[in-house]
Amino acid sequence: MKDFNFLIRRMHLAWALFALAGYLLGPGLVRYLGRPLSGWTFGLGSAWTLFLFLSFGLFAEVFHPRPTESETDPATRQRRRTLLLVLGSAFFMLAGWMAFLFLARPLPQHPLLLLFSGLITLLGLACILPPLQLLRRGWGEFVLAILIADLLPSFGYLLQEQEIHRFLSFLALPFTLFTLAFFLVQNFATFAADQKHERRSLLQQMGWPRGVILHQSFLVTGYFFLLSAPLFGFPLRLVAPLFLAAPFAAFQAYLIHSLAEGAPARWQLLIPLSYTHLALLFYLLLVRLWIG
């Protein structure tokens, strides 16, 4: 039971869930446009995304463990590291099997699917595995944000259609910014521990003062870009539900500002708030696309 609890805490489950939400935007747009949706291909893509990002999360704890491990027993650490590696490899192989199944289908967009699935896999591994280990160089969060908010929605759409819809290109910037703001909050919470363990996160790369400015800028820019939807030929009503999440963003920005001004850290409020804000954005847009 202790090992099971350890796995749940350490597998970066949020990566997999947000990745799945990003993927679902693609087929959701297909449904919103009234085009036929292949259930078999949709299921394969969903399973591939979930298994792949579960493996990324487990591999991250093997090659790039977070600095919160309280275990001091070397035998326990080694056993759990082996468990993470074995389970991560199993998920990665399952993802490979899912990829084989959807790439084996004779689809006209096969070259694009191969390109996107390969790029997503290689970039995810580059975040975690030597020699690049982008998570150790301060670029991992940036790459993960692009995977979740940009590449995965396009991949999900390509599994159903022959070319990428420009609405997904429009959404890529604000959702990448919102995802980066989410990762920055997590970096703020682990800033001291990251310094102690010489773990170079995105926040460590840019510095605390600049990180505060960029966090606020990401949120404000993201919402202003959504407001510009009519300028790109999209009705504002399509993205209007997303503004229901704006109060959560405002409160999150306020807490970060207060922290920068020297107020006591309120991590028990700020961290769940960052999860809630990003999850609500995906939820509102998915409901708009899937249900209308």
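For the structure given in this document, a descriptive report is provided here.

**Structural notes on the overall build of the chain**
1) Next: Scanning the chain for helices and strands turns up 13 helices and 0 strands.
2) Next: Over its C-alpha atoms the chain spans a radius of gyration of 19 Å, differing by no more than 12% from the 19 Å that the globule rule assigns to 292 residues.
3) Next: With the principal axes as the frame, the chain shows a C-alpha extent of 55 × 45 × 35 Å.
4) Next: For the chain, the proportion of its 292 residues judged to be buried stands at 50%.
5) Next: Within the chain, contacts between residues separated by at least 24 positions form 78% of all contacts whose residues are at least 6 apart in sequence.
6) Next: Taken as a whole, the chain presents about 13500 Å² of accessible surface, with 68% of it coming from carbon and sulfur.
7) Next: Positive and negative side-chain charges of the chain, numbering 21 and 12 respectively, have mean locations separated by a distance of 4 Å.

**Remarks on the packing of helix H2 (residues 13-32) against helix H6 (residues 140-158)**
1) Next: Following both chains from N to C, one finds H2 and H6 inclined at 35°, their axes separated by 7 Å at the closest point. By crossing handedness, the relation of H2 to H6 is classed as right-handed. Of the residues in H6, those touching H2 at Trp15, Phe18, Ala19, Gly22, Tyr23, Leu25, Gly26, Pro27, Leu29 and Val30 are Leu144, Ile148, Leu152, Pro153, Phe155, Gly156 and Tyr157.

**As for the nonpolar core**
1) Next: By size, the foremost hydrophobic cluster in this structure holds 94 residues, and its most contacted members are Trp48, Phe53, Ile120, Phe155 and Phe167.
2) Next: Among the elements that line this core, the one with the most residues is helix H7 (residues 166-189), at 14 residues.
3) Next: Each residue touching phenylalanine 155, except ones within four places of it in the same chain, is listed here: Tyr23, Trp48, Phe102, Leu113, Phe116, Ser117 and Ile120.

**Concerning the side chain of glutamine 160**
1) Next: The residue glutamine 160 is located in the loop between H6 and H7 in this model.
2) Next: Those residues in contact with glutamine 160, other than ones at most four positions away along the chain, are Val30, Pro36, Leu37, Ser38, Thr41, Phe42 and Gln109.

**Points about the packing of aromatic side chains**
1) Next: A full pass over the atoms with the stated rule returns 28 aromatic pairs.
2) Next: A centroid spacing of 6.2 Å and a plane angle of 45° characterise the contact between tyrosine 23 and phenylalanine 155, whose relative ring orientation is tilted. Within this pair, whereas tyrosine 23 is found in helix H2, its partner phenylalanine 155 is found in helix H6, the two being separated by 132 residues in sequence.
3) Next: On the basis of relative accessibility, which here comes to 0%, the residue tyrosine 23 falls in the buried class.
4) Next: Site record: aromatic cluster; members linked through ring pairs are Phe18, Phe175, Phe178, Phe182, Phe183, Tyr223, Phe243, Tyr275 and Phe282.
5) Next: Seen from the ring of phenylalanine 63, arginine 81 lies directly overhead, with NZ or CZ sitting 6.0 Å from the centre.

**Examining helix H10 (residues 208-227)**
1) Next: The terminal C-alpha atoms of H10 lie 29 Å apart, and with 20 residues this matches the ideal 28 Å at 1.5 Å per residue to within 8%.
2) Next: Buried within H10 we find Gly211, Val212, His215, Gln216, Phe218, Leu219, Gly222, Tyr223 and Leu226. Buried residues in H10, looked at end-on, bunch into an arc of 140°, giving them a common side. Exposed residues on H10 whose side chains face more than 90 degrees from its buried face are Pro209, Arg210, Ile213 and Phe224.
3) Next: Where H10 is buried, its residues meet H7, helix H9 (202-206), helix H11 (236-239), helix H12 (246-260) and helix H13 (267-290).

**Side note on the environment of phenylalanine 188**
1) Next: With respect to the helices and strands, phenylalanine 188 occurs in helix H7.
2) Next: Taking relative accessible area as the criterion, phenylalanine 188 reaches 2% and is therefore assigned buried.
3) Next: Along the chain, phenylalanine 188 and leucine 202 lie 14 residues apart, while their C-alpha atoms are 9.8 Å from each other.
4) Next: Among residues more than four places away in sequence, those in contact with phenylalanine 188 are Leu203, Trp208, Gly211, Val212, His215, Ile256 and Trp267.

**Let's talk about the packing of helix H4 (residues 74-103) against helix H5 (residues 110-128)**
1) Next: Look at H4 against H5: their axes get within 11 Å of each other, and the N-to-C directions meet at 170°. In terms of their interaxial angle, H4 and H5 are classed as roughly antiparallel. Across from Phe92, Phe102 and Leu103 in H4, the residues of H5 making contact are His110, Leu113, Leu114, Ser117, Thr121 and Leu125.
2) Next: Residues belonging to the contact of H4 with H5 are distributed by class as follows: 6 nonpolar, 3 polar and no charged.

About the thresholds
Residues numbered from 1 in each chain as written. Predicted model: local features only at pLDDT ≥ 70, side-chain atom pairs only at ≥ 80, totals over all residues. Heavy atoms only, no water. Helix = DSSP H or I, 4+ residues; strand = E, 2+ residues; numbered from the N terminus. Rg over C-alpha atoms; globule rule 2.2 N^0.38 Å. Buried < 20%, exposed > 50% of the residue type's maximum accessible area, 1.4 Å probe, protein only. Contact = heavy atoms within 4.5 Å. Areas by Shrake-Rupley, 256 points an atom, 1.4 Å probe, with all protein chains shown as cover. Lys, Arg positive; Asp, Glu negative; His and termini not counted. Charge placed at Lys NZ, Arg CZ, Asp CG, Glu CD. Axes fitted to C-alpha atoms, helices over the stretch in contact; angles between N-to-C directions. Left-handed = near helix turned anticlockwise from the far one by under 90°. Core = buried A, V, L, I, M, F, W, Y, C linked by side-chain atoms within 4.5 Å. Phe/Tyr/Trp six-rings, centres within 6.5 Å; stacked < 30°, edge-to-face > 60°. Lys NZ or Arg CZ within 6 Å of the ring centre and 35° of its normal. Expected span 1.5 Å × (residues − 1). Arc of directions from axis to C-beta. Parallel < 35°, antiparallel > 145°, perpendicular 65-115°, else oblique. Nonpolar A, V, L, I, M, F, W, Y, C, P; charged D, E, K, R; others polar.

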